[in-house]
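# Coordinate inspection notes
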Amino acid sequence: MAAENAVAFGFNEALKRAFPAPELPLTVGTNQTPDLLRPFVMGAVTAIPVSLVLLPSEVIKAKTQVAIGTVSSREIMNSMMKQNGMRSFF
């Protein structure tokens, strides 16, 4: 969970610096509303690299947990690569 949050927050902060939000005036009576689509788009764009980085480790972890007998994560990873290649991690 900590790794997921670290990757997500790091990538999200990089996106915020690359695409800064326009400043809204702080005066009363202006009819400008905050952009509600921007947070959703940033979240979706953030989820893509988080999934690409963390999903393979989650698949290996799940297969290790259900394996019968004593099997290492490295053995499961090697078996997955031999059977289906990189596609087996996603």
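Quick note: structure is the one above.
Residues numbered from 1 in each chain as written. Predicted model: local features only at pLDDT ≥ 70, side-chain atom pairs only at ≥ 80, totals over all residues. Heavy atoms only, no water.

## With respect to the packing of helix α2 (residues 37–66) against helix α3 (residues 73–84)
The geometry of α2 relative to α3 is characterised by a closest axis approach of 9 Å and an angle of 110° between their N-to-C directions. As judged from the angle between their axes, α2 and α3 are roughly perpendicular. In the packing of α2 onto α3, the handedness of the crossing is right-handed. Between α2 and α3, the contacting residues are Val59, Ile60, Lys63 and Thr64 on the first element and Ser73, Ile76, Met77 and Met80 on the second. Its residues placed into classes, the contact of α2 with α3 shows five nonpolar, two polar and one charged. (Axes fitted to C-alpha atoms, helices over the stretch in contact; angles between N-to-C directions. Helix = DSSP H or I, 4+ residues; strand = E, 2+ residues; numbered from the N terminus. Parallel < 35°, antiparallel > 145°, perpendicular 65-115°, else oblique. Left-handed = near helix turned anticlockwise from the far one by under 90°. Contact = heavy atoms within 4.5 Å. Nonpolar A, V, L, I, M, F, W, Y, C, P; charged D, E, K, R; others polar.)

## Section: the pattern of salt bridges
What the rule picks out here adds up to two salt bridges. The closest approach of N and O atoms between Glu58 and Lys61, which form a salt bridge, is 3.3 Å. Here Glu58 pairs with Lys61, and both are found in helix α2, just three residues apart, close to one helical turn. On the accessibility criterion, Glu58 (40% relative accessible area) is partly exposed. (Salt bridge = Lys/Arg side-chain N within 4 Å of Asp/Glu carboxyl O. Buried < 20%, exposed > 50% of the residue type's maximum accessible area, 1.4 Å probe, protein only.)

## Focus on a nonpolar patch on the surface
Taken together, Ile48, Leu52, Val53, Leu55, Met81, Met86 and Phe90 make up a surface patch of nonpolar side chains, about 680 Å² in accessible area. Topologically, Met86 is positioned in the segment after α3. The class of Met86 is exposed, set by a relative accessible area of 52%. (Patch = residues over 30% accessible without salt bridge, like charges linked within 9 Å, V, L, I, M, F, W, Y side chains within 5 Å. Areas by Shrake-Rupley, 256 points an atom, 1.4 Å probe, with all protein chains shown as cover.)

None of the figures reported here should be taken as evidence of function without further support.
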